[in-house]
Amino acid sequence: MNPHRFDLVPLRLFIAVVDGGSLTAGAQAFGISLPAASKRIRELEAATGTVLLERGRGGARTTSAGATLYRHARTVAGEVAQMAVAMSDYARGVRGHLRIWANTSAVTGFLPEALAAVLRDNPRIAVDLEEANSEPIVDAVRDGRAELGVFADNVATGGLQVAVCDVDRLVLLTPAGHPLTRRRRIRFADALAHDFIGLDRGSSLVRLSTRVAAEHQSPLKIRVHVRSFDAMARMIATGVGLGMLPWRGAAPHAASMGLRMIELDDPWALRRLLVGWRDREMLDGPARTLLDQLLARTTVPGG
C-alpha cells in the first residue's frame, strides 16, 4: 500500500482504542465523539486494506494485522513525540537530548555517577531519565521512547541488543534487633517465615522473590507494597517487615537509619543488570558515550 496515505491522527486514535480496549474508551481518551472515532478507524482500515479491530460487546481487540500496525504505530508515535521534544530543546539552546529509562536499582545505584560524567563532557545536553519497572523499560526502548534502557535480566528482550552493565548483590535489610541480625549470611528460604515489605507488584525484585518462595513451597508474606527503596527502608525501620534490596540501594539506608544488611547466600542473589539499545549507529553522541561507560562496568558491590 502507499505509505503516503497514512497520517498521525488516525494512528494515534488507533493506539488509544487498543490501549483502552474499546472504541468508546479510545474516543474519550482522544477527545472526540464515538461516531467520529468509528469513522476514522474505518478510514484507517480502508487505507490499510485489512480489518484491524474485532468489535464485540466486550470491546475491541486487534486482529493479527491490527497487532502489527499497533506495534509500528507505537514506534512511530514515540519517535515523533521525541522529535518534538528535541526540536523544542534546540530552540531553547540545548544541543543534544539523552533519553534513558532505568529501574530503581540503577537509578539509586551506579547510574547517577555515569550520567554525571556524560554531562560534564556535554554541558549543553538535556537528559530525560525515567524510572520504571523492567518490562516497560524494554518496551520504551523498542518503541523509540528511550535510546537506552537499564533493566533486570529476567525479562524478554527480543528486538534489542543487550549487554551486562552491572551486577548487584541482593541482601536482606532488617531493623536493628531483629532475630535474623545475628546471622551474617542467610538463605532466602530461611527468612520466609517473616513478614516482608515489597516494591510494587510489577517490580522485578517482587517477581523474583515470589518465584523463589513458590519454589520452596512457601508463601511470600508481603505486608506492605511501596514505590521506592526509601519508602521500603522507612517501613523496615518501624519493624513491620524485612526487605530484599540490592547492596547499593540498601547501604545508604542502613547507615542513616541504623538498619542491618544480611547477605543472601543464594546463587541468584548476584543479579545482573542489562543495558539495552536498538541500533548503536542510530544513537546520538551522548547516548553512545553513556553506553560505552555502562559496557565498561560489571563490578559487584560489597564483594
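Conventions and cut-offs
Residues numbered from 1 in each chain as written. Predicted model: local features only at pLDDT ≥ 70, side-chain atom pairs only at ≥ 80, totals over all residues. Heavy atoms only, no water. Helix = DSSP H or I, 4+ residues; strand = E, 2+ residues; numbered from the N terminus. Buried < 20%, exposed > 50% of the residue type's maximum accessible area, 1.4 Å probe, protein only. Contact = heavy atoms within 4.5 Å. Polar contact = N/O pair within 3.5 Å; in protein donor to acceptor, adjacent residues only side chain to side chain. Phe/Tyr/Trp six-rings, centres within 6.5 Å; stacked < 30°, edge-to-face > 60°. Core = buried A, V, L, I, M, F, W, Y, C linked by side-chain atoms within 4.5 Å.

We now examine the overall build of the chain. Looking only at helices and strands, the chain has 11 helices and 12 strands in total. Considered along the principal axes of its C-alpha atoms, the chain spans approximately 70 × 50 × 30 Å. Within the chain, the proportion of its 303 residues that are buried is 46%. Look at the contacts in the chain between residues 6 or more apart in sequence, and 74% of them connect residues 24 or more apart.

Moving on, we come to helix α10 (residues 247-257). What α10 keeps buried is the set Arg248, Gly249, Ala250, Ala251, His253 and Ala254. Buried residues in α10 make contact with β6 (161-174), α9 (229-237), β10 (243-246) and β11 (260-264). Positive backbone phi, at 70°, marks glycine 258, one or two positions downstream of α10.

Looking now at the environment of serine 33. With respect to the secondary-structure elements, serine 33 resides in the loop between α2 (23-30) and α3 (34-48). For the pair serine 33 and glutamate 263, spaced 230 residues apart in sequence, the C-alpha separation works out to 57 Å. A distance of 3.2 Å separates the side chain of serine 33 from the backbone nitrogen of alanine 36, its partner in a polar contact.

Turning next to the environment of alanine 117. Tracing the backbone shows alanine 117 in helix α6 (residues 111-121). Take alanine 117: its relative accessible area is 17%, and that puts it in the buried class. In the structure, alanine 117 is positioned 176 residues away from glutamine 293 in sequence and 9.1 Å away in space, judged by C-alpha atoms.

By the definition in use, this model includes 2 aromatic pairs. Taken together, a centroid distance of 5.6 Å and an interplanar angle of 55° make the contact between phenylalanine 188 and phenylalanine 196 tilted. Of the two residues, phenylalanine 188 and phenylalanine 196, neither departs from the other in class, the shared state being buried. Between the aromatic rings of phenylalanine 188 and tryptophan 268, the centroid separation amounts to 5.6 Å while the plane-to-plane angle is 80°, which identifies the pairing as edge-to-face. Of this pair, phenylalanine 188 sits in the loop between β7 (185-186) and β8 (196-198) while tryptophan 268 is found in the loop between β11 and β12 (270-277), placing the two residues 80 residues apart along the sequence.

The subject of this paragraph is the nonpolar core. Of all hydrophobic cores here, the largest spans 32 residues; its most connected members are Leu172, Leu173, Phe188, Met244 and Leu264. Elements with a contribution of two residues or more to this core: β6, β8, α8 (204-215), α9, β10, α10 and β11. If near-sequence neighbours (up to four positions away) are discounted, leucine 172 is found in contact with Ile186, Phe188, Ala191, Phe196, Leu242, Gly243, Met244, Arg260, Met261, Ile262 and Leu264. Of all hydrophobic cores here, the second largest spans 23 residues; its members include Leu111, Ala114, Leu115 and Val275.

None of this, on its own, says anything about what the molecule does.
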